[in-house]
Amino acid sequence: MADAAPGPQRPKLRVAVLISGGGSNMAALLGAAAAADFPAEIALVLSNRADAGGLAKAAAAGVATAVVDHRAFPDRDSFDAAIDAELARHGIEFVCLAGFMRLLTEGFTDRWRDRMINVHPSLLPLFKGLHTHQRALDAGVRFHGCTVHFVRFGMDEGPIIVQAAVPVLAGDDADSLAARVLAMEHKIYPLALRLVGEGRAVVDGERVRIEGEGAAPGGMLWPAG
Ligand SMILES: Nc1nc2c(c(=O)[nH]1)N[C@@H](CN(C=O)c1ccc(C(=O)N[C@@H](CCC(=O)O)C(=O)O)cc1)CN2
Ligand SMILES: NCC(=O)N[C@@H]1O[C@H](COP(=O)([O-])[O-])[C@@H](O)[C@H]1O
């Protein structure tokens, strides 16, 4: 089967993952990238916090790491310029934000337009920003979920690539809901990067066209009765 890999052999996309914390989404991307037919390689894991748990996970997997601490810079422009320099140093072509908790400048998001994606723990455009799980509970929605999108300067406003929905269960609190959503993040982020790397997630204005999206699942209702 090895020679059945789909399509002409593209060079693997050279990717950096930007984190601020534990890095479970980064680890999911690393795991997916271990597959021979995965169209991207994780060449760098960069954090704005030296105490981010994800740095040790990346180092243990033999991936280069870097720390660019936002507190060491007088403003966002110089911080973003330092990140850019590190990305250039590693020959990075594409950026994945994975729990990266700094708002990036317009200059940075324009330079990386349609070459940078982010995972957000809600069904965008619902619940942009922080504390999404508690806000979903407070709103009483029956479905919640997560989104991988291309990044624009406007927070959580970029074109959507993949989403996953989960039911909100009686007795859920923000932690139990976050855990159910996080498990789906670990599925949709590798899928989104594969679609981008294979050239099947095509940005068309502020929408993404998925080429060969496959059979759609049936509708879901919740509660069931
Ligand atoms: N220009 C953009 N920058 C970022 C985006 C984006 O869509 N456009 N996505 C975020 C990720 N994110 C939500 O998914 C997010 C990250 C951080 C914040 C925020 O309010 N950060 C505060 C600091 C918080 C902290 O340090 O803990 C800030 O930067 O002042 C909101 C949403 C990544 N960047
Ligand atoms: N607004 C951005 C945001 O809230 N991102 C969220 O931070 C968590 C990082 O977890 P991880 O470090 O284990 O990947 C993830 O749930 C991600 O969706």
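Residues numbered from 1 in each chain as written. Chains lettered and ligands numbered in written order. Predicted model: local features only at pLDDT ≥ 70, side-chain atom pairs only at ≥ 80, totals over all residues. Heavy atoms only, no water.

Peer 1: Can you lay out the packing of helix H1 (residues 24-33) against helix H2 (residues 53-60) for me, pointing to particular residues and giving the numbers?
Peer 2: At a minimum axis separation of 9 Å, H1 and H2 run at an interaxial angle of 15°. Classified by the interaxial angle, the pair formed by H1 and H2 is roughly parallel. As H1 runs across H2, the sense of the crossing is right-handed. Together, Ser24, Met26 and Leu30 of H1 and Gly54, Lys57 and Ala58 of H2 make up the contact between the two elements. (Axes fitted to C-alpha atoms, helices over the stretch in contact; angles between N-to-C directions. Helix = DSSP H or I, 4+ residues; strand = E, 2+ residues; numbered from the N terminus. Parallel < 35°, antiparallel > 145°, perpendicular 65-115°, else oblique. Left-handed = near helix turned anticlockwise from the far one by under 90°. Contact = heavy atoms within 4.5 Å.)

Peer 1: Break down the sheet that holds strand S7 (residues 160-167) for me, citing the residues and quoting the values.
Peer 2: Ordered by their spatial adjacency, 7 strands build an open sheet running S3-S2-S1-S4-S5-S6-S7, and the pairing between neighbours is mixed. The outermost strands of the open sheet, each flanked by one partner alone, are strand S3 (64-67) and S7. Neighbour to neighbour, the strand axes of the sheet diverge by 20° on average, direction disregarded. On top of the sheet, H1 reaches strand S1 (13-19), strand S2 (40-47), strand S4 (94-97) and strand S5 (116-120); it is set at about 160° to S2, its chief contact. Of the strands in this sheet, S1, S2 and S3 are in contact with H2, which crosses S3 at around 155°. (Pairing = 2+ DSSP bridges.)

Peer 1: I'd like a rundown of unusual backbone geometry, residues and numbers included.
Peer 2: Omega for the peptide link from Leu124 to Pro125 comes to 10°, which places this bond in the cis form. The omega torsion of the bond from Trp222 to Pro223 falls at 0°, within 30 degrees of zero and hence cis. Of note, Pro223 is situated in the segment after strand S9 (207-210). A positive phi angle, near 55°, is found at His131, a position not held by glycine. A relative accessible area of 64% places His131 in the exposed class. (Buried < 20%, exposed > 50% of the residue type's maximum accessible area, 1.4 Å probe, protein only.)

Peer 1: Help me get a handle on the site of ligand 2, residues and values and all.
Peer 2: Neighbouring ligand 2 are Gly22, Gly23, Ser24, Asn25, Gly99, Met101, Val119, His120, Pro121, Leu182 and Glu185. In this structure, an oxygen atom belonging to ligand 2 sits 2.8 Å away from a main-chain N or O atom of Gly23. In the environment of ligand 2, an oxygen atom lies 2.6 Å from a nitrogen or oxygen atom belonging to the side chain of Ser24. Mapping ligand 2 onto the cavity grids shows that it belongs to the largest pocket. When the residues that make up the shell around ligand 2 are grouped by side-chain class, the tally is 4 nonpolar, 6 polar and 1 charged. (Near = heavy atom within 4 Å. Polar contact = N/O pair within 3.5 Å; in protein donor to acceptor, adjacent residues only side chain to side chain. 1 Å grid on protein atoms, 1.4 Å probe; cavity = no way out; pocket = protein on both sides within 12 Å on 5 of 7 lines; lining within 4 Å. Sits in = over half its atoms within 2 Å of the grid points. Nonpolar A, V, L, I, M, F, W, Y, C, P; charged D, E, K, R; others polar.)

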